[in-house]
Amino acid sequence: MDIRQKINIILIGVLTIGLLTGCSYLQGEPALIPMKSFFKNPEKTGFQLSPDGTSLAFMKPWKNRMNVFIQTIGDPGEKRVTRSTARDIAGFFWANNNRIAFLQDRGGNENFHLFAVDTDGSNLKELTPFEEVRVQIVDDLEEIEDEMLIGMNRRDPRVFDVYRINIDTGRMEMIAENPGNIQGWLTDNDGRLRMAMATDGVNQSLLYRKTEKEPFKTIVTTNFKEKLSPLFFTYDNRFVYMASNLGRDKTAVYKYDIADNKALELIYEHPDVDVSHLLRSKKRMKITGVAYVTDKRHYHFFDDQREALQADLEKRLPGYEINIASSSRDETRILVRTYSDKSLGAYYFYDLTAKKFIKIADVSPWLDEKMMCDQKPISYESRDGLTIHGYLTLPRRGGTQNLPVVVNPHGGPWARDYWGFNAEAQFLANRGYAVLQMNFRGSTGYGKTFWQAGFKKWGKEMQNDISDGVAWLIGKGIADPARIGIYGGSYGGYATLAGMAFTPELYACGVDYVGVSNIFTLLSTLPPYWEPGRQKFYEMIGDPVKDRALLEAISPVFHADKIKAPLLVAQGANDPRVKKAEADQIVNALKKRNIDVPYMLKENEGHGFHNEENRFDFYRAMELFLGRHLGGRVEKIAG
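What counts, and where the lines are drawn
- Residues numbered from 1 in each chain as written.
- Predicted model: local features only at pLDDT ≥ 70, side-chain atom pairs only at ≥ 80, totals over all residues.
- Heavy atoms only, no water.
- Pairing = 2+ DSSP bridges.
- Helix = DSSP H or I, 4+ residues; strand = E, 2+ residues; numbered from the N terminus.
- Axes fitted to C-alpha atoms, helices over the stretch in contact; angles between N-to-C directions.
- Core = buried A, V, L, I, M, F, W, Y, C linked by side-chain atoms within 4.5 Å.
- Buried < 20%, exposed > 50% of the residue type's maximum accessible area, 1.4 Å probe, protein only.
- Contact = heavy atoms within 4.5 Å.
- Phe/Tyr/Trp six-rings, centres within 6.5 Å; stacked < 30°, edge-to-face > 60°.
- Lys NZ or Arg CZ within 6 Å of the ring centre and 35° of its normal.
- Expected span 1.5 Å × (residues − 1).
- Salt bridge = Lys/Arg side-chain N within 4 Å of Asp/Glu carboxyl O.

### Comments concerning the sheet that holds strand E11 (residues 161-166)
Phase 1: One open sheet accounts for 4 strands, arranged E9-E10-E11-E12; its pairing is antiparallel. Strand pairing shows two members of the sheet lacking a second neighbour, strand E9 (135-139) and strand E12 (172-176), which therefore form its edges. Along the sheet, successive strands turn relative to each other by an average axial angle of 35°, direction set aside.
Phase 2: Relative to E12, E11 is paired through 4 bridges, and the arrangement is antiparallel.

### A few points about the pairing of strand E23 (residues 297-301)
Phase 1: Two strands pair when backbone bridges link them, and strand E22 (residues 286-293) and E23 are joined in this way by 5 bridges, in the antiparallel orientation. The residue of E23 that forms the bridge with Val293 is Arg297.
Phase 2: Between the end of E22 and the start of E23, which pair antiparallel, lie 3 residues.

### What about the environment of Tyr235?
Phase 1: Relative to the assigned elements, Tyr235 resides in the loop between strand E17 (228-233) and strand E18 (240-244).
Phase 2: For the pair Tyr235 and Lys282, spaced 47 residues apart in sequence, the C-alpha separation works out to 8.3 Å.

### Section: the nonpolar core
Phase 1: Residues Leu278, Val407, Trp458, Tyr507, Ile519 and Ile586 are the most contacted members of the largest nonpolar core, which totals 71 residues.
Phase 2: At 7 residues, helix H7 (residues 491-502) tops the list of elements feeding residues into this core.
Phase 3: Leave out the neighbours within four places in its chain, and Val407 touches Leu436, Met438, Ile466, Val470, Ile484, Gly485, Ile486, Tyr487 and Tyr507.
Phase 4: Membership of the second largest hydrophobic core comes to 30 residues, among which are Met372, Tyr513, Met622 and Leu630.

### Some words on unusual backbone geometry
Phase 1: Cis geometry marks the peptide bond from Gly412 to Pro413, where omega comes out at 0°.
Phase 2: Summarising the element assignment, Pro413 is placed in the loop between strand E30 (403-407) and helix H4 (423-430).
Phase 3: The phi dihedral of Glu132 falls on the positive side, at around 55°, and the residue is not glycine.
Phase 4: Tracing the chain through its elements places Glu132 in the loop between strand E8 (125-126) and E9.
Phase 5: Since its relative accessible area comes to 60%, Glu132 is described here as exposed.
Phase 6: Its identity is not glycine, yet Ser490 carries a phi of approximately 60°, on the positive side.
Phase 7: Looking at where Ser490 falls in the secondary structure, it is placed in the loop between strand E32 (479-489) and H7.

### Here's the deal with the side chain of Asn614
Phase 1: Relative to the assigned elements, Asn614 resides in helix H12 (residues 612-630).
Phase 2: We classify Asn614 as buried; its relative accessible area is 5%.
Phase 3: For Asn614, the residues in contact, after removing those within four places along its chain, are Lys602, Asn604, Glu605 and Phe609.

### Regarding the packing of aromatic side chains
Any aromatic ring pair is given by two values, namely how distant the centres are and how the planes are angled relative to each other.
Phase 1: Applying the stated rule across the entire model yields 34 aromatic pairs.
Phase 2: Ring centres of Tyr348 and Phe357 lie 5.3 Å apart, and the angle between their planes is 15°; this geometry places the pair in the stacked category.
Phase 3: When its relative accessible area of 12% is taken as the criterion, Tyr348 is described as buried.
Phase 4: Geometrically, the ring pair formed by Tyr513 and Phe609 is edge-to-face, given 5.3 Å between the ring centres and 85° between the ring planes. Here Tyr513, found in strand E33 (residues 509-513), pairs with Phe609, found in the loop between strand E35 (599-602) and H12; they are 96 residues apart in sequence, far enough to count as distant.
Phase 5: For Tyr513, a relative accessible area of 10% corresponds to the buried category.
Phase 6: Using a relative accessible area of 5% as the deciding quantity, one classes Phe609 as buried.
Phase 7: Feature note: the residues Phe38, Phe39, Phe427, Tyr487, Tyr513, Phe609, Phe618 and Tyr619 constitute an aromatic cluster, connected by ring pairs.
Phase 8: Taking NZ or CZ as reference, Lys40 lies 4.0 Å from the ring centre of Trp366, over its face.
Phase 9: Sitting over the face of the ring of Trp62, Arg80 holds its NZ or CZ atom 3.7 Å from the ring centroid.

### A few points about the pairing of E11
Phase 1: Counting buried positions along E11 gives 6 out of 6 residues, so the element sits mostly inside the fold.
Phase 2: Side chains Asp161, Tyr163 and Ile165 of E11 all project onto a buried face; the interleaved residues Val162, Arg164 and Asn166 project onto the opposite face, where all are buried too.
Phase 3: As defined by bridge partners, strand E10 (residues 147-152) adjoins E11 across 6 bridges and the pair is classed as antiparallel. Among the inter-strand pairings, Glu147 is bridged to a residue of E11, identified as Asn166.
Phase 4: Linkage of E11 to E12, two consecutive antiparallel strands, is achieved through a turn of 5 residues, within which Gly170 is found at a positive phi near 85°.

### Here we look at helix H11 (residues 580-591)
In an α-helix, one turn spans 3.6 residues; hence positions three or four apart end up facing the same way.
Phase 1: The first and last C-alpha atoms of H11 sit 16 Å apart over 12 residues, in line with the 16 Å expected at 1.5 Å per residue.
Phase 2: Of the positions making up H11, those classed as buried are Glu582, Ala583, Asp584, Ile586, Val587, Ala589 and Leu590.
Phase 3: On the buried face of H11, the contacting elements are H7, E33, helix H8 (519-524), strand E34 (567-572) and E35.

### Some remarks on the pattern of salt bridges
A side chain of one charge can pair with a side chain of the opposite charge if their charged atoms are brought near each other.
Phase 1: As enumerated under the stated definition, the model contains 45 salt bridges in all.
Phase 2: A salt bridge links Glu131 to Arg106, with the shortest nitrogen-to-oxygen separation between them at 2.8 Å. Here the residue Glu131 occupies a position in the loop between E8 and E9, and Arg106 occupies one in the loop between strand E6 (99-104) and strand E7 (113-118), the gap between them amounting to 25 residues.
Phase 3: Exposure remark for Arg106: the relative accessible area of 46% places this residue in the partly exposed category.
Phase 4: Here Glu531 makes a salt bridge to Arg534, at a shortest N to O gap of 2.8 Å.
Phase 5: What makes Glu531 partly exposed here is its relative accessible area of 31%.
Phase 6: Residues joined in a network through salt bridges with shared partners are Asp188, Asp190, Arg192 and Arg194.

### Description of the side chain of Asp547
Phase 1: Relative to the helices and strands, Asp547 is located in the loop between helix H9 (534-540) and helix H10 (548-554).
Phase 2: Take Asp547: its relative accessible area is 16%, and that puts it in the buried class.
Phase 3: For Asp547, the residues in contact, after removing those within four places along its chain, are Lys456, Tyr538 and Gly542.

Okay, here's the thing in structure tokens:
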């Protein structure tokens, strides 16, 4: 398990009509589940085993904020080791058996600082007490008890240098200065900094050195559209496992001789989707399988022992997606995490030597899976012949025809929706709405061609894919054409505004959550550490000078006169990605035309609402707004 997996961030075929049955229909009106049940903090989550496998660390609410707790396995007592009251702990990991490292920002500014604390709650230390500085974890150096490698943009806000830092004292030294073009670093299995990933804006280079005493040398340069991403070194530290789409459409995993710049062996490929997640056993020093996502997560194993373990787990926990969330250093004790579309799942502890299997905790025990709805994988064809994959969640009430609908395009846009529990979809389905999520062109995971089909297509073909999903729902008789709303966050918020402006006939209302309204101001206010990728953004979205006419045509704020339906807007004042001005511009433009445009601004939030009370305010406002304009059910609040 690499460091990216260790840091827990609390913040994821053609369908026949026979699948469009939603949840099992119950006699009478299904229960209206309180809004807070969907959006309150988990009871316990983010469990990790200590390196020696004797203790658990996890996140749990304290004074309405997610904090880190420690528990010895077999002892019901637990100890809180952090004391955050202003903001949730963003993520944590075991630095060693006696010390926890964690990350936290202020008010959503995403300038994460690094802290460490002993497992008894003592010796709390802010290790990077620098203003306007963001920390990245490069390597936790699990073999070195009191040190780790971090990236920090202290010297230059645009780039991250690498520092070796003592987790007890905070003493640090720079071990690699970023010349200005490096965006990522990779260590070998001994914690030595051996590779770097650089960019000139549109081309990406892999830099390599045999030892830390040598300078980095550029090995290969590709256009950013060509993926050559190092995953980790082979266990002899000679070669590297790579995720690559060089000369192919779908990303596959290779064993690669980086020094000689040549692929040695194709490890795994899939004909329909990208593959880039490689499983491994550090103790046995071998790769054990791959994970990939089509409609759901699937595994392919190379190792009999790992395959047998998965079969054992699936037999014990039938009906769930199963993942190994954490393991002890010697891999004799593991934490198992379950996933489904109807709950946030549970954690189990498995002692493989003693064959002891016990349940640790449900993440959201107050949610009854029997009252949740199926999230069905679906697909439809776009107007120009692309297959668009997605998910449909239908409510328990009202059958499967002529339903009010909330269309929910994902953020990114260079991301994708996955099968699994989606609190928003379940909340909306409980209120009586069908919820459609789609992976429009430009989404990742479906190959290079599908991803690039979204370049400079914001508000155009990408938006058409969303509109075609609406037409598909209407054609199936699922959607009531007069009761369709659209809701999304970030790029999904942009897609909401674009849908309202460019296809006003489709939507009765919209909800824009930290969405982009003006692409010119988006590109002029990029965070400084995104600056090395500016030219890439210009190629993927549009150049504000060369493509001025395009960006004017696709920026909703310039077409606010076409928006007719009510719009709810929510924004964090400290958002470093989509600035407050994006929300202000569209709100002011609609107010001038007397469009119903309630505006929720949270002064202590950034790109999305993380504080529990702010989530409650937002989803309560959404529920009332959609109920008023689409006719869904609304929870009655006493008083």
